Amino acid sequence: MSSFTVIDPTTGSAITTLERAEIDQVDAAVADAVRAQRGWAALAPVARADALRAFARVVEEHVEELAQLEVKNSGHPIGSARWEAQHVAQVLNYYAGAPERLIGSQIPVAGGLDVTYHEPFGVVGIIVPWNFPMTIAAWGFAPALAAGNAVVLKPAELTPLTAIRLGELALEAGLPEGLFQVVVGSGSVVGQRFVSHPDVHKVVFTGSTEVGTEVAAGCAQLLKPVTLELGGKSANIVFADADLERAAAGVPGSVFDNAGQDCCARSRLLVERRVFDRFLEMLEPAVAAWKVGDPTSEDTQMGPLISASHRSTVQGFLDGVDVAFRGSAPEGDGFWFAPAVVLAQPGDRIARDEVFGPVLAVLPFDDEADAIRLANDTAYGLAGSIWTENLGRGIRVSRGVRSGVLSVNSHSSVRYSTPFGGMKASGLGRELGPDAAEHFTETKNVFYATE
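Residues numbered from 1 in each chain as written. Predicted model: local features only at pLDDT ≥ 70, side-chain atom pairs only at ≥ 80, totals over all residues. Heavy atoms only, no water.

With respect to the helices, strands and loops of the structure, Asn376 is situated in the loop between α12 (368-375) and β15 (380-381). When the C-alpha atoms of Asn376 and Asp24 are compared, they prove to be 45 Å apart, with 352 residues separating the residues in sequence. Contact partners of Asn376, with chain neighbours within four places excluded, come to Gly400, Val401, Arg402 and Lys424. Of the polar contacts made by the side chain of Asn376, one reaches the backbone nitrogen of Arg402; its length is 2.8 Å. (Helix = DSSP H or I, 4+ residues; strand = E, 2+ residues; numbered from the N terminus. Contact = heavy atoms within 4.5 Å. Polar contact = N/O pair within 3.5 Å; in protein donor to acceptor, adjacent residues only side chain to side chain.)

So this is what it looks like as structure tokens:
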């Protein structure tokens, strides 16, 4: 058995050392999940709902602990980390309403009664990334548990600590042993075993498009359902008729939040040509004011990047490009990176590939058709924003841009009560929203003959 060290990205120092699970440990966890799921699915829906609400209450009681742990492990600013921990409780509370609402249909047919049922898959394997460890995990495990499944969760090796703690809190809340387990290890072992294990009947993966493609291919060989939330290169489209001051003020948060380590980051800024120069003049002070620093400070807006290797990758995107201006960042220990705004051309690598860091590529456009063309000029289609005071334009452009989540005059991407997911290379399926629990079930159709 091998081990790995969890690093604090603010200081570059070690937090703890953990053991990587091997295949036999994954198999043991799945076996425990199979046993726990039978009893869980047999409970009355109200009992499952009460159990999820109890889990939510325990999370609420530990919001500050979870937030502080996320600050240390992920470098998230404390304000953001508190929101993320509270969000986990909110997601659990929301899906606590699902067990009693997973109703089927009665379909009129000749000669009898036709009824549909929502049956849980059984055991669900969930693989989450390092950028939002708590929230993305909850998007999977809350509706999966609500639907009557057991969950085995694999966090990223870079940021496993809050997931491990959530597993402990689930037991403290009274969830059955084996129902919700966290298994720490490499993707090539734990994640791959989720894909190949015959008793894991659905896989949920959030991460890169490259790895997601491999997960999908493995699941396809076993005809195993899979949900994929993958990369993004989202566009922030600003028309000349927009409230330019408001739009400029919102740009830093749309791309530099979580140090740009966000698949929904609006990392391409498309500005109508006749206000292009003026908008950049308005944007520069907004970027300069974006506060990068100690994530334990209440007024910090951005912490460090997650690792030294990731910082090198992000830095590589600035080689040979036209940097218009940059913000500031601390020097010394930690994986700090100053936000950057780059003047780009449509064919440039920085305008097409996901950076996953605080780097913004800016391009001009001429009219609506040109804006839509540029917004769609990428393999991805996850999120995006449109800024305009023209209602008709907002509707036309939002219908023309091939992205799963768009907002007009805002940068909102995720609400637990609305569906979330991408088009094109940004993924398959949807998470969250009122139908999410159904996505963790199979529809069974039964005909009862009466004649």
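Under the defined criterion, the tally for this structure stands at nine aromatic pairs. Ring geometry for Phe55 against Phe141: centres 5.9 Å apart, planes inclined by 20 degrees, an arrangement best described as stacked. Within this pair, whereas Phe55 is found in helix α2 (residues 45-61), its partner Phe141 is found in helix α5 (residues 133-146), the two being separated by 86 residues in sequence. A single burial state applies to Phe55 and to Phe141, both of which are buried. Ring centres 4.6 Å apart and planes at 40 degrees place the aromatic pair Phe141 and Phe180 in the tilted group. With Phe141 in helix α5 and Phe180 in strand β7 (residues 180-182), this pair connects stretches of sequence that are 39 residues apart. You can call Phe141 buried: its relative accessible area is 0%. Exposure remark for Phe180: the relative accessible area of 5% places this residue in the buried category. (Phe/Tyr/Trp six-rings, centres within 6.5 Å; stacked < 30°, edge-to-face > 60°. Buried < 20%, exposed > 50% of the residue type's maximum accessible area, 1.4 Å probe, protein only.)

Moving on: the sheet that holds strand β20 (residues 441-449). Strand pairs in the sheet, formed through backbone hydrogen bonds, run parallel or antiparallel to each other. With antiparallel pairing, three strands are arranged side by side in an open sheet as β3-β4-β20. If you trace the sheet from one side to the other, it starts and ends with β3 (106-109) and β20, each paired once. Recorded for the sheet is a direction-independent mean angle of 25 degrees between the axes of neighbouring strands. When strand β4 (residues 112-120) meets β20, the two strands line up antiparallel, connected through nine bridges. When the sheet's bridge partners are listed, Glu119 is paired in β20 with Glu442. (Pairing = 2+ DSSP bridges. Axes fitted to C-alpha atoms, helices over the stretch in contact; angles between N-to-C directions.)

Another point: the layout of surface pockets. Counted as a void, the largest pocket has a volume near 900 Å³. In terms of lining residues, the largest pocket is bounded by 35 residues, among which Trp130, Phe205, Gly207, Ser208 and Val211 are the most central. Of all the secondary-structure elements, those providing two or more residues to the lining of the largest pocket are α7 (187-196), β8 (202-206), α8 (209-221) and α11 (308-316). Grouping the constituent residues of the lining of the largest pocket by class yields 16 nonpolar, 13 polar and six charged. Roughly 500 Å³ of internal volume is contained in the second largest pocket. Lining the second largest pocket we find 21 residues, and of these Phe132, Asp257, Asp262, Ser413 and Val414 sit closest to its centre. Of all elements in the fold, only α4 (78-95), α5 and α9 (244-256) reach the threshold of two or more residues within the lining of the second largest pocket. Residues that form the lining of the second largest pocket fall into these classes: nine nonpolar, seven polar and five charged. (1 Å grid on protein atoms, 1.4 Å probe; cavity = no way out; pocket = protein on both sides within 12 Å on 5 of 7 lines; lining within 4 Å. Points joined across faces, edges and corners; volume = space filled by probe spheres on them. Nonpolar A, V, L, I, M, F, W, Y, C, P; charged D, E, K, R; others polar.)

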